[in-house]
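# Residue-level structural notes
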Amino acid sequence: MHVSQYAYFALFSRSTSATEMAAILGLEPDETTVRGSRRTEPKAIPVQHCWKIVCREPGLCVDEQIARIIERLAPHTAAIAALASRLHTEDEESGAVLEVVRYFNDQEAEQHDRSSPSGEAPNLLGWHLDREILDFLQATGAVLDVDEYDMTPDYAED
């Protein structure tokens, strides 16, 4: 089964922009989202500003992707925790998230599986969060969100 996946850590807010978040943290994001940049009426899309640190490296297991993200963020844990708390205090719909996005059986995606020296593709199906990751999530008040999509084409039966 082909698996395509990525992970990111994000701070999100309806009122504080990603630029403001970066200035507060002293850390530039990999990606940003601007509230209402696609549509403002009748409802703003996206609904929040978002500051993200992302790992899209193909062939890595989810836990490896997350470990790379947390490795980058760990020196900034206290500042991230303070900002996430402030954002959530200002608006309960704001805060921090560790997001995992996975696509199964995506026939249109490039083959990203990293082969081992023996020529075998890695098993990308299982993953875990170690104590360091859980401690970071606890310290920053982040939630874990996992989105998984089955991209198997639907075949109509005759």
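Note: the structure precedes this text.
Before going into details, it helps to say that this report is about the structure given with it. (Residues numbered from 1 in each chain as written. Predicted model: local features only at pLDDT ≥ 70, side-chain atom pairs only at ≥ 80, totals over all residues. Heavy atoms only, no water.)

## Some remarks on the nonpolar core
To be explicit about the condition: Residue types Ala, Val, Leu, Ile, Met, Phe, Trp, Tyr and Cys, when buried and joined through side-chain atoms within 4.5 Å, form a set referred to as a nonpolar core. Only protein chains enter the accessibility calculation, which uses a 1.4 Å probe; a residue whose area is less than 20% of its type maximum is buried, one above 50% is exposed, and one in between is partly exposed. In DSSP terms, a helix is any run of H or I states spanning at least four residues, a strand is any run of E spanning at least two, and both are numbered starting from the N terminus. The contact criterion used throughout is that any non-hydrogen atoms of two residues lie within 4.5 Å.
Counting 29 residues, the largest nonpolar core has Phe-9, Leu-11, Trp-51, Ile-66, Ile-69 and Leu-73 as its most contacted members. At the level of elements, strand S1 (3-13), helix H1 (18-25), strand S3 (49-55), helix H2 (62-73), helix H3 (77-90), strand S4 (95-104) and helix H4 (131-140) are the ones that each hand at least two residues to this core. With five residues, the top contributor of residues to this core is H2. Those residues in contact with Leu-11 that sit more than four places away from it in its chain are Met-21, Leu-25, His-49, Cys-50, Trp-51, Ile-80, Leu-83, Ala-84, Leu-87, Gly-95 and Ala-96. Ranked by size, the runner-up nonpolar core spans eight residues in total, among them Tyr-6, Ala-10, Phe-12 and Val-54.

## Overview of the layout of surface pockets
For clarity, the threshold we go by: The way it works is a 1 Å grid over only the protein atoms, where trapped points that fit a 1.4 Å probe form a cavity and open points with protein on both sides within 12 Å along at least five of seven lines form a pocket, and then any residue with an atom within 4 Å of a point lines it. Grid points are joined across faces, edges and corners, and a volume is the space filled by probe spheres set on the points.
Quantified by volume, the largest pocket comes out at close to 270 Å³. If you trace the largest pocket, you find 13 residues lining it, with Tyr-8, Phe-12, Pro-46, Gln-48 and Cys-50 closest to the centre. Among the secondary structure elements, those contributing two or more residues to the lining of the largest pocket are S1, S3 and S4. Broken down by element, the residue count for the lining of the largest pocket peaks at three residues, all from S1.

## A short note on the packing of aromatic side chains
Using the following cut-off: Only centres within 6.5 Å qualify two rings of Phe, Tyr or Trp (six-membered ring in Trp) as a pair; their planes then separate them into stacked at under 30 degrees, edge-to-face at over 60, and tilted for everything else. A positively charged side chain is recorded as over a ring if its NZ (Lys) or CZ (Arg) lies within 6 Å of the ring centre. The angle to the ring normal must also be within 35 degrees.
All told, the structure shown has three aromatic pairs when counted by the stated rule. Relative to Phe-136, the ring of Phe-9 has its centre 5.3 Å away and its plane inclined at 70 degrees; by these criteria the two rings are edge-to-face. Taken as a pair, Phe-9 in strand S1 and Phe-136 in helix H4 lie far apart in primary sequence, 127 residues in all. Each member of the pair, Phe-9 as well as Phe-136, carries the same accessibility label: buried. Sitting over the face of the ring of Tyr-8, Lys-52 holds its NZ or CZ atom 4.4 Å from the ring centroid.

## Section: the environment of Arg-102
Filter applied, for reference: We define a polar contact as two N or O atoms separated by no more than 3.5 Å, with the added condition that, inside protein, one atom must be a possible hydrogen donor and the other a possible acceptor, whereas residues neighbouring each other in sequence contribute only through side-chain atom pairs.
Within the secondary structure layout, Arg-102 lies in strand S4. Taking the relative accessible area as the measure of exposure, Arg-102 reaches 2% and is therefore buried. Taking the C-alpha atoms as reference, Arg-102 lies 4.7 Å from Glu-148; in sequence the two are 46 residues apart. Excluding residues within four positions of it along the chain, Arg-102 makes contact with Val-3, Ser-4, Gln-5, Val-62, Leu-124, Leu-125, Trp-127, Asp-147, Glu-148 and Tyr-149. Side chain to side chain, Arg-102 and Gln-5 meet in a polar contact 2.8 Å long. In terms of polar contacts, Arg-102 uses its side chain to reach the side chain of Glu-148, at 3.1 Å.

## A short note on the side chain of Asn-105
With respect to the helices and strands, the residue Asn-105 is situated in the loop between S4 and H4. According to the relative accessible area criterion, Asn-105 is buried, its value standing at 19%. In this structure the side chain of Asn-105 is engaged in a polar contact, spanning 3.1 Å, whose partner is the side chain of Thr-152.

## Concerning the sheet that holds strand S5 (residues 143-150)
Note the threshold: One bridge is not enough; two strands pair if DSSP finds at least two bridges between them. Whenever a helix is involved, its axis is fitted only over the stretch in contact; in every case the axis is a line through C-alpha atoms, and angles between N-to-C directions fall within 0 to 180 degrees.
If you trace the five strands from one edge of the open sheet to the other, you get S2-S3-S1-S4-S5, paired in mixed fashion. Whereas interior strands pair on both sides, the edge strands pair on one side only; in this sheet they are strand S2 (31-33) and S5. Shown here is a sheet whose adjacent strand axes are inclined to one another by a mean of 25 degrees, direction ignored. In terms of strand pairing, S4 meets S5 through eight bridges, oriented parallel. Note that in S5 the partner of Val-97 across the bridge is Val-143. The strands touched by H1 are S1, S2 and S3; relative to S3, the strand with the most contacts, the crossing angle is about 65 degrees.

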